[in-house]
Amino acid sequence: MQPLIDNARSFGQRPEEFAELAAGQSPQVLFITCSDSRVVPALITGARPGELFELRTAGNIVPPCTSAHPTSEAATIEYAVEVLGVRDIVVCGHSHCGAVGALVRGDDLTAVPAVRDWLASATPRPAGAAEDPEVAEGVQSHVLTQLLRLRSYPCVQRRLAEGRLGLHAWYYEVHTGAVRTHRPQTDTFEAL
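Residues numbered from 1 in each chain as written. Predicted model: local features only at pLDDT ≥ 70, side-chain atom pairs only at ≥ 80, totals over all residues. Heavy atoms only, no water.

Engineer: Mind laying out the overall build of the protein, listing which residues take part and the relevant values?
Structural biologist: Helix and strand content of the protein: 8 helices and 6 strands. When its helices and strands are written in sequence order, the protein yields α-α-β-α-β-α-β-α-α-α-α-β-β-β. If you take every contact in the protein between residues at least 6 apart in sequence, the share linking residues at least 24 apart comes to 61%. As displayed, the protein offers around 10500 Å² of accessible surface, 54% of which is attributable to carbon and sulfur atoms. In the protein, which carries 16 positive and 22 negative side-chain charges, the distance between the mean positions of the two groups comes to 3 Å. (Helix = DSSP H or I, 4+ residues; strand = E, 2+ residues; numbered from the N terminus. Contact = heavy atoms within 4.5 Å. Areas by Shrake-Rupley, 256 points an atom, 1.4 Å probe, with all protein chains shown as cover. Lys, Arg positive; Asp, Glu negative; His and termini not counted. Charge placed at Lys NZ, Arg CZ, Asp CG, Glu CD.)

What follows is the structure, encoded as structure tokens:
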């Protein structure tokens, strides 16, 4: 913890670099990814403060859109699209994902009931080889499911119909740093 504290102390010594951020934010991208500590959106994209609006969930899950029981994830998506006017949404899954791996393998998650219930209620079981430690096929399938979920949100539907929003599926390889994007024309994930 001490290195993090030391950096936080020195970070605040450069107020001139951040003064303009007080005026507000206008990110162009909503970046939805996993809570995994190995996935750092600003590091992957090179984004500076104010350039990405982030939504991080266990397994980069986009829950079903429902007005009966709105979620913090739905509120974040709606805010990004309706208030901030983001032009693009990226759903980024990653190799070696514990959440997707647990789904693919059908792991017993009784010891972590909140995780079990989140995964069970929020997403269908993705396809993929249970013996693959990278869970590549499972994660890629899962990311595409989350993109479909996004399309069910009224604000996303409207912006897509207006041609004012782009949706992107990415797969980040933790072990190489490579990023692949889904190409709908070939239904494959290829290097950016």
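Engineer: Pulling in residues and values, what's your account of the nonpolar core?
Structural biologist: If you look at the biggest cluster of nonpolar residues, it comprises 37 residues, and the most contacted ones within it are Leu 30, Ile 32, Ile 77, Val 86, Ile 89, Leu 150 and Val 156. Mapped by element, the contributors of at least two residues to this core are strand S1 (29–34), strand S2 (52–57), helix H4 (72–83), strand S3 (88–94), helix H5 (98–105), helix H7 (136–151), helix H8 (154–161) and strand S4 (166–172). Not counting residues up to four positions away in its chain, the partners in contact with Leu 30 are Phe 53, Glu 54, Leu 55, Thr 76, Ile 77, Ala 80, Val 86, Asp 88, Ile 89 and Val 90. Counting 10 residues, the second largest nonpolar core, distinct from the first, contains Ala 47, Val 90, Trp 170 and Tyr 172. (Core = buried A, V, L, I, M, F, W, Y, C linked by side-chain atoms within 4.5 Å. Buried < 20%, exposed > 50% of the residue type's maximum accessible area, 1.4 Å probe, protein only.)

Engineer: So what's going on with unusual backbone geometry? Residues and values would help.
Structural biologist: Even without being a glycine, Asn 60 presents a positive backbone phi close to 40°. Within the secondary structure layout, Asn 60 lies in the loop between S2 and H4. Judged by its relative accessible area of 1%, Asn 60 is buried.

Engineer: Provide a residue-level description of the environment of Trp 170, including the pertinent values.
Structural biologist: Topologically, Trp 170 is positioned in strand S4. Considering only alpha carbons, one finds Trp 170 and Tyr 79, 91 residues apart in sequence, at a separation of 22 Å. Ignoring any residue separated from it by four or fewer positions in sequence, one finds Trp 170 in contact with Phe 31, Thr 45, Val 90, Val 91, Cys 92, Gly 93, Val 143, Val 179, Arg 180, Thr 181, Phe 189 and Leu 192.

Engineer: A description of the sheet that holds strand S6 (residues 188–191) should follow, citing residues and the corresponding values.
Structural biologist: One open sheet accounts for 6 strands, arranged S2-S1-S3-S4-S5-S6; its pairing is mixed. The sheet terminates laterally at S2 and S6, the two strands that pair on one side only. Recorded for the sheet is a direction-independent mean angle of 30° between the axes of neighbouring strands. Pairing geometry for S3 and S4, over 7 bridges, is parallel. Bridged to Asp 88 within S4 is Gly 166. Sheet contacts for H4: S1, S2 and S3; angle to S2, the most-contacted strand, approximately 165°. (Pairing = 2+ DSSP bridges. Axes fitted to C-alpha atoms, helices over the stretch in contact; angles between N-to-C directions.)

Engineer: Run through H7, naming residues and quoting values.
Structural biologist: Over its 16 residues, H7 extends 23 Å from the first C-alpha to the last, a length consistent with the 22 Å expected when each residue adds 1.5 Å. Residues Ala 136, Gly 138, Val 139, Gln 140, His 142, Val 143, Gln 146, Leu 147, Arg 149 and Leu 150 constitute the buried set of H7. (Expected span 1.5 Å × (residues − 1).)

Engineer: Let's hear about the pairing of S3: which residues, and what values?
Structural biologist: Buried residues dominate S3, accounting for 6 of its 7 residues. Inspection of the sheet shows S1 paired to S3 by 5 bridges, in the parallel sense. In the strand pairing of S3, Thr 33 is matched with Cys 92.

Engineer: Explain the packing of H4 against H8 to me, using residue names and the numbers behind them.
Structural biologist: Any two packed helices are characterised by the angle at which their axes cross and by the distance between the axes. Remark: H4 packs on H8, axes separated minimally by 9 Å, with the N-to-C direction vectors making an angle of 35°. When the axes of H4 and H8 are compared, the crossing they make is left-handed. Here Ile 77, Glu 78, Val 81 and Glu 82 of H4 come into contact with H8, specifically with Cys 155, Val 156, Arg 158 and Arg 159. Among the residues forming the contact of H4 with H8, the class breakdown is 4 nonpolar, no polar and 4 charged. (Left-handed = near helix turned anticlockwise from the far one by under 90°. Nonpolar A, V, L, I, M, F, W, Y, C, P; charged D, E, K, R; others polar.)

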